Amino acid sequence: MPKPKKLWELWEEKVQKALGLRGTISSGSKFYDLGDGVTPIDHPIPFIIDAKSTEKNSYSVNATLMQEWENKAAEQGQMFGLPIRFEKTDQEYMVVSFEDFQTLWWRSKKYLEDN
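Keep in mind that what you see is a predicted model, and the values were worked out from it rather than measured.

**Student:** I'm lost on the packing of aromatic side chains in this one. Help?
**Tutor:** Each aromatic ring pair is described using two quantities: the centre-to-centre distance and the angle formed by the ring planes. Summed over all chains, the structure comprises three aromatic pairs. With a centroid separation of 5.1 Å and 5 degrees between ring planes, the pair formed by W69 and F80 is classed as stacked. You can see W69 sitting in helix α2 (residues 63–75) and its partner F80 sitting in strand β7 (residues 79–86), a full eleven residues away along the chain. Take W69 and F80: they sit in the same class, and that class is buried. With a centroid separation of 6.0 Å and an interplanar angle of 40 degrees, the aromatic rings of F101 and W105 are classed as tilted. One end of the pair, F101, and the other, W105, are both in helix α3 (residues 98–114), four residues apart, so they sit about a helical turn from each other. The class of F101 is partly exposed, set by a relative accessible area of 41%.

Shown next as structure tokens:
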């Protein structure tokens, strides 16, 4: 009988499916396949994510962690996102840099104007 999945595994899968991401090898623990999910190579909004799930009421985000991930993503021509799920309240958030948010904002505005 298969072992039940952990909450963080379910969250990773949900994020991957919702955003159309490719899952990474060993949940991103390999230096050549980082993060928990990445957009397909030809995607117009290249992203790498590292999903986090917590049963606490808080999750700490620090500048060092964000800068490290942004640098890793930039080396691959991607933006970085940190999806966070609070299991107790079912609240889900996406942390991105303001610069990346601006890029998403203006690309979606242009897409809406063109379609």
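**Student:** Sorry if this is basic, but what is going on with the pattern of salt bridges here?
**Tutor:** Think of it this way: side chains of opposite charge can pair up when their charged atoms draw near. According to the stated counting rule, one finds eight salt bridges in the structure shown. One salt bridge in this structure joins R85 and D90, with 2.6 Å as the shortest N-O distance. On the basis of relative accessible area, R85 is assigned to the buried category, the value being 14%. For E92, the salt bridge is made with R85, and the minimal N-O distance between the two is 2.5 Å. One salt-bridge network, in which partners are shared between bridges, spans K14, R85, E87, D90 and E92.

**Student:** Got a minute to help me understand the pairing of strand β8 (residues 91–95) in this structure?
**Tutor:** Two faces make up the sheet, and in a regular strand the side chains alternate between them. Relative to β8, β7 runs antiparallel, the two being bridged by five bridges. Bridge pairing in β8 places R85 opposite E92. What sits between the antiparallel neighbours β7 and β8 is a turn of four residues, in which D90 has the positive phi angle 60 degrees.

Cut-off values and rules
Residues numbered from 1 in each chain as written. Predicted model: local features only at pLDDT ≥ 70, side-chain atom pairs only at ≥ 80, totals over all residues. Heavy atoms only, no water. Phe/Tyr/Trp six-rings, centres within 6.5 Å; stacked < 30°, edge-to-face > 60°. Helix = DSSP H or I, 4+ residues; strand = E, 2+ residues; numbered from the N terminus. Buried < 20%, exposed > 50% of the residue type's maximum accessible area, 1.4 Å probe, protein only. Salt bridge = Lys/Arg side-chain N within 4 Å of Asp/Glu carboxyl O. Pairing = 2+ DSSP bridges.

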